Amino acid sequence: MRLLVVEDEDVLARSLRAGLEKEGFAVDIAGDGTTGLWLARESAYDAIVLDIMLPGVNGYKVCQELRGEGNWTPILMLTAKAGEWDEAEGLDTGADDYLTKPFSFVVLLARLRALLRRGTAERPTTIAASGVELDPAAQAVTQHGEPVDLTAKEFAVLNFLLRRAGDVVSKTEIVENVWDLAFDGDLNIVEVYVRSLRKKLGPSTIETIRGAGYRFRTES
Ligand code: CA
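Since we're looking at a predicted model, the values are computed, not measured. Going along each chain's sequence as written, the residues are numbered from 1 onward. With the structure being a predicted model, the display of local features is reserved for residues of pLDDT at least 70 and the display and counting of side-chain atom pairs for 80 or more, all residues being used for whole-chain, interface and lining totals. Working from all heavy atoms in the structure, the side-chain values ignore hydrogens and water.

(A) The arrangement of the overall build of the protein chain in detail. Numbering of helices and strands runs from the N terminus; a helix is a DSSP stretch of H or I covering at least four residues, while a strand is a stretch of E covering at least two. Summing up its helical and strand segments, the protein chain has eight helices and twelve strands in all. Summary of the burial criterion: residues with accessible area below 20% of their type's maximum are buried, those above 50% are exposed, and those between are partly exposed, where the area comes from a 1.4 Å probe applied to protein chains only. Per-residue burial for the protein chain yields a buried fraction of 45% across its 220 residues. Sequence-distant contacts, at least 24 apart, represent 57% of the contacts inside the protein chain between residues at least 6 apart. Per element, the accessible surface of the protein chain, about 11,100 Å² overall, is 50% carbon and sulfur. Residue contacts are counted whenever heavy atoms from the two residues lie within 4.5 Å of one another. Each accessible area is a Shrake-Rupley result for a 1.4 Å probe, and residues are judged covered by the shown protein chains and nothing else.

Listed below in structure tokens is the structure:
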């Protein structure tokens, strides 16, 4: 079993390698995102341990790039502190699991073994309604085959609305799924994103259901 550890903290990277080698894994280390991407493209790994905060290309981006290229090696993400991890963002980029630092080596090993047992993840399928198609792995959206350029948050809001296409979803549900649980700002932030999505996708794609929320139309 061959693992890639992408981690810029030298002491942590070395101790991970020492521990994992003791468990019988072959381990390569990359100290930054660019090297990590390069190694992941060059060799076939059974799993990748990927830090988020990295010099050069960050962990989210590394994950997103690999998934976009059709690389489905299981990825365990490492995050420095609770709250740094944006679950919606992380899962949208295609990570399989994550661990918050500091973590115990035993826990890391257990999570890695679980990922290895599951094997290479299936590419998530695209979701579509009314001619709008969203590819969660490639972070791409098309409308009737034409690419639509969205910001990360617009993408996340659309992702949630499309998954529930045809249903009415409240602003609270959208905020809870797209922003993190610590968000205590104005729910009307959702309106801002719905407005910009309507501008890009057409005014009739997302209906306002007065007093209830929004609905992504399933009929054309
Ligand atoms: Ca780091």
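On we go.
(B) Representation of the sheet that holds strand β11 (residues 206-209). Strands qualify as paired when DSSP identifies two bridges or more between them. Strands sit in the order β10-β12-β11 across an open sheet of three strands; the sheet is antiparallel. Looking at the sheet topology across the chains shown, the edges are occupied by β10 (168-169) and β11. In the sheet, β10 pairs with strand β12 (residues 213-216) via two bridges, with the strands oriented antiparallel. Within the sheet, the bridge partner assigned to V169 lies in β12 and is Y214. Axis definition: a line fitted to C-alpha atoms, over the contacting stretch in the case of helices. Angles run 0 to 180 degrees between N-to-C directions. Of the strands in this sheet, β10, β11 and β12 touch helix α6 (residues 152-163), which is tilted by about 75° from β12.

(C) Local environment of the coordination of the calcium ion. Every protein donor of the calcium ion is accounted for by D8 (OD), D51 (OD) and M53 (O), and the metal-donor separations fall at 2.1 to 2.3 Å. Any N, O or S atom lying within 2.8 Å of the metal counts as a donor, and for Na, K and Ca the limit rises to 3.2 Å; water is left out, so some sites can look incomplete. The sequence pattern describing where the donors of the calcium ion fall on their chain is D-x42-D-x1-M. Of this pair, D8 sits in the loop between β1 (2-6) and α1 (10-22) while D51 sits in strand β3 (residues 47-51), and the two are 43 residues apart along the sequence. Under the relative-accessibility criterion, D51 is labelled buried at 2%.

(D) Spatial organisation of unusual backbone geometry. In this structure, P102 follows K101 across a cis peptide bond, with omega equal to -5°. Of note in the backbone geometry, S130 takes a positive phi value of approximately 50° without being a glycine. Mapped onto the secondary structure, S130 falls in the loop between β6 (127-129) and β7 (132-135). Despite not being glycine, H144 shows a phi value in the positive range, around 50°.

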